[in-house]
Protein chains: 2
Amino acid sequence: MAKNNDNKTITIYDIAKEAGVSPSTVSRVLTNNANVRPEKRERVQALIEKYNFRPNALAKGLSDTRSRVIGVLMADIRNPFYSTVYVACEDAALARGYRVILCCSLGEIDREVEQLDILKQQSVEAIIQIGGSVDAVITESTYIKKAKEITRQLPIITSGKIDDVPCYRVGIDAREAVRLLTEHLLDLGHERIALAGGRLDVISTFEKYMTYCDILKSRGISVNKRYVFEGGYDYDAGYESVKEFMAMKEKPTAIIAINDFCAAGVIRRLVEEGYRVPEDVSVVSYDNTYIANLLFPKITSIDYDYDTLGKMLADTAIDVANGENLPSFRSVTPHLVVRESSGERR
Amino acid sequence: MAKNNDNKTITIYDIAKEAGVSPSTVSRVLTNNANVRPEKRERVQALIEKYNFRPNALAKGLSDTRSRVIGVLMADIRNPFYSTVYVACEDAALARGYRVILCCSLGEIDREVEQLDILKQQSVEAIIQIGGSVDAVITESTYIKKAKEITRQLPIITSGKIDDVPCYRVGIDAREAVRLLTEHLLDLGHERIALAGGRLDVISTFEKYMTYCDILKSRGISVNKRYVFEGGYDYDAGYESVKEFMAMKEKPTAIIAINDFCAAGVIRRLVEEGYRVPEDVSVVSYDNTYIANLLFPKITSIDYDYDTLGKMLADTAIDVANGENLPSFRSVTPHLVVRESSGERR
DNA sequence: TGCACATTTGCAATCGGTTTCATTAATTCA
DNA sequence: TGAATTAATGAAACCGATTGCAAATGTGCA
């Protein structure tokens, strides 16, 4: 791909000719592991540097058995949660000599199915999928069908779970996350704790819900279903939830938002209705994206240690691709970041 | 890349054999443009569907003269401005049958230089670069050197400007953006308008600054240099700027933040010091990312119509790659989105 | 010095497509 | 119906690397 002054793409053949050796020798210098007489190696190396030669990645990928590329399929890279995980994955992959290809499904199931094919076409060695169909309890059958087909050929690593499809799970310890948040609030004296946003047909959300129920019960607090507002994972879900919560006689004194976007909506509506955060109502959330730090008040949120998560995802992908036998489920431990949005019940 | 039941990757040769035709014919069916007898075409097509066959992208890229891939090099995909532009670019590219490869430099010049090589290695037909060295007036010489080398071989499309390197510019009409914001504030009665964040050695920031000066002068208002706070493009820059501004005798009554992050810092500090936004101080910003909508108050910001920008970038890249003669500078027209953070001077 | 053995090296096949070119089959039209 | 023309097809070269294998060169030791 490097070009000489004539602007022609130069190849190992050109280097070989000028160095007076065979292309194989140049290739051996490039791949570094074969044994080449030092004198020739230097001669070739000098030309590589002279022309700033880089071997064509497509040709290399074709001839190698290993493409050294892993695919990352996410719901939407514009969401800071995903982009943070993506960058962490990429860093970890790069550290092991792998490249990463990004695909976004943008919530469209057809696109998601299509992306799996596209990644396969690119000869990726494994696919990391975060968000999208893998998170839904009842997954679209076209997706399942395609995922099954794919997993016969290359491993899928996911934070979710695909029915009937064997894949490696690298997730977040959702139970621990809920525990941290719920007990934080209980410790502050809150008992009327509401849940804002998220759909219960999404596995991680469902797990969170169940754990929330368990914890309350274990503390002798009965679960009030009206304190659970199902909705999306966005600002609006949070905003709408508060309309309902604060219209109740027994208003919640604390709200757990499904993510930082949702928390922003919750806080907005609370402020609009004249409540103060955290004096009147505490608000906490999951994900601890940079948004948690941008809002006023800054939000108490659950952090997942994205570098660790990304590394776990990438390492699993690469290890599995190399045939290593790994546990099919690993998870990262969340921790609580206390900020300004949660306080003692008054 | 599709595999049959034996889990072996199948190729056009397999399809050809089973269909009783030559690989060339299968290829013709695949590329669609050659003429193949309908009967055979159908026979081949049926097998393609049966096995869900997709031609290997690496092989295709290697044999084709056109790779139909463009590279996108950005500063940091975790920044909503970049991720929004990226998705828009990808969409536009996809619509024209092109794929996109993402690289992030994360602010490291070495990485940025390296990425140019990596993209070249991938046989991209053009590189779109937004953010990073292309934005700096005095660009690192290692970068310039590499960029020069690259542009001899493939076009670079950028929102910035690289000294001495011929590239296609697709930008934002910065002067118009400043005009919209400044006149909006002037119309609201503000005269003491401050600038928070951004470095003047960044072209777009410098352009904004110059235009700001021009507009104030044309209205007979003298420019107070103390109203210009240079800094980064983040929350902290905004936060720090307000410390200085509000310590002055003649405090500004309106602040233009260099982006939404910066605006968040500005507002935060204002609130901490007991000022209300917009009653006491108006705050506006550039970029109109979703952050502008999340904050309280919602921020009046400049929108760039990201879909149009993305399309302009991708179209330029593809057109230039195809040898079309385009104007070397095109720009998108910004517009003002008025929200809650700006109001009449009291 | 000569022979056995270890290193280097190049040839040629391969990865999986596309495309040119020559050949063959199908049409068109007088 | 047969010659001229056009459409369909396959063989083979090519894209730019890697790698198995055999040949060539170098080394060690008796």
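Above this text is the structure in question.
A few points on the structure. None of the values given here were measured: they were computed from a predicted structure.

## A closer look at the nonpolar core
- In terms of nonpolar packing, the biggest core is built from 157 residues, with Tyr86(A), Tyr86(B) and Tyr212(B) touching the most fellow members.
- Leave out the neighbours within four places in its chain, and Tyr86(B) touches Ile77(A), Leu102(A), Val72(B), Met74(B), Ile77(B), Val100(B) and Leu102(B).

## Side note on the protein's contact with DNA strand D
- Around DNA strand D, the structure places 27 residues, and the nearest of them are Ser27(A), Asn56(A), Thr25(B), Arg28(B) and Asn35(B).
- In this structure, a phosphate oxygen belonging to DNA strand D sits 2.7 Å away from a side-chain N or O atom of Thr25(B).
- Interatomic distance of 2.8 Å between a side-chain N/O atom of Asn35(B) and a phosphate oxygen of DNA strand D.
- Taken together, the elements giving at least two residues each to the surface near DNA strand D come down to helix H1 (12–19), helix H2 (23–31) and helix H4 (57–63) of chain A together with helix H2 (23–31) and helix H4 (57–63) of chain B.
- The residue makeup of the surface near DNA strand D, split by class, is nine nonpolar, 11 polar and seven charged.

## Observations concerning the relation of the copies chain A and chain B
- The two copies are related by a screw motion: chain A maps onto chain B through a turn of 180 degrees and a shift of 0.0 Å along the axis, at an RMSD of 0.1 Å. The operation mapping one copy onto its partner corresponds to a two-fold rotation axis. The C-alpha atom lying nearest the rotation axis in chain A is that of Leu58(A); the distance is 2.6 Å.
- Mapped onto chain B, 100% of the interface residues of chain A are again interface residues, and the two copies thus contact each other with one and the same surface.

## Observations concerning helix H3 (residues 38–51) of chain A
All names here are of chain A.
- Its 14 residues give H3 an end-to-end C-alpha distance of 20 Å, which sits within 8% of 20 Å, the value for a rise of 1.5 Å per residue.
- Burial in H3 covers these residues: Val44, Leu47, Ile48 and Tyr51. Buried residues in H3, looked at end-on, bunch into an arc of 105 degrees, giving them a common side. Opposite the buried face of H3, by more than 90 degrees, sit the exposed residues Pro38, Glu42, Glu49 and Lys50.
- Looking at the buried positions of H3, the neighbouring elements they touch are H1 and H2.
- One or two positions beyond H3, positive phi appears at Asn52, with a value near 55 degrees.

## With respect to the sheet that holds strand S11 (residues 329–332) of chain B
All names here are of chain B.
- The six strands lie next to each other as S2-S1-S3-S4-S5-S11, forming an open sheet whose pairing is parallel. One side of each edge strand has no neighbouring strand; the edge strands of this open sheet are strand S2 (99–104) and S11. Taking the axes of each pair of neighbouring strands and ignoring which way they run, one obtains an average angle of 20 degrees across the sheet.

## Description of the interface of chain A and chain B
- The partner chain B presents 53 residues to the 53 residues of chain A that form the contact.
- Carbon and sulfur atoms make up 55% of the surface buried where chain A meets chain B, a total of about 5,100 Å² over both sides.
- Remark: the boundary between chain A and chain B carries eight salt bridges.
- Ionic pairing is found between Arg268(A) and Glu340(B), a salt bridge with its closest N-O pair at 2.3 Å.
- Connecting chain A to chain B are 17 residue pairs in polar contact (both at pLDDT 80 or more).
- Only H4, helix H5 (80–95), strand S2 (99–104), helix H6 (109–121), helix H7 (141–151), helix H11 (260–272) and helix H12 (291–294) of chain A provide two or more residues apiece to the side of chain A that touches chain B.
- The element best represented in the side of chain A that touches chain B is H5(A), accounting for seven residues.
- Partitioned by chemical class, the residues of the side of chain A that touches chain B number 26 nonpolar, 11 polar and 16 charged.

## Notes on the protein's contact with DNA strand C
- Of all residues adjacent to DNA strand C, which total 26 residues, the nearest are Thr25(A), Arg28(A), Asn35(A), Arg37(A) and Ser27(B).
- What you see for DNA strand C is that sugar and phosphate hold 63% of its atoms within 4 Å of the protein.
- Arg28(A) places a side-chain nitrogen or oxygen 2.6 Å from a base oxygen of DNA strand C.
- Of all elements in the fold, only H2 and H4 of chain A together with helix H1 (12–19), H2 and H4 of chain B reach the threshold of two or more residues within the surface near DNA strand C.
- Top contributing element to the surface near DNA strand C by residue count: H2(B), with four residues.
- Broken down by class, the residue content of the surface near DNA strand C amounts to eight nonpolar, 11 polar and seven charged.

Cut-offs and rules
- Residues numbered from 1 in each chain as written.
- Chains lettered and ligands numbered in written order.
- Predicted model: local features only at pLDDT ≥ 70, side-chain atom pairs only at ≥ 80, totals over all residues.
- Heavy atoms only, no water.
- Core = buried A, V, L, I, M, F, W, Y, C linked by side-chain atoms within 4.5 Å.
- Buried < 20%, exposed > 50% of the residue type's maximum accessible area, 1.4 Å probe, protein only.
- Contact = heavy atoms within 4.5 Å.
- Near = heavy atom within 4 Å.
- Polar contact = N/O pair within 3.5 Å; in protein donor to acceptor, adjacent residues only side chain to side chain.
- Helix = DSSP H or I, 4+ residues; strand = E, 2+ residues; numbered from the N terminus.
- Nonpolar A, V, L, I, M, F, W, Y, C, P; charged D, E, K, R; others polar.
- Least-squares fit on C-alpha atoms with pLDDT ≥ 70 in both.
- Expected span 1.5 Å × (residues − 1).
- Arc of directions from axis to C-beta.
- Pairing = 2+ DSSP bridges.
- Axes fitted to C-alpha atoms, helices over the stretch in contact; angles between N-to-C directions.
- Buried area = accessible area lost by both parts, 1.4 Å probe.
- Salt bridge = Lys/Arg side-chain N within 4 Å of Asp/Glu carboxyl O.

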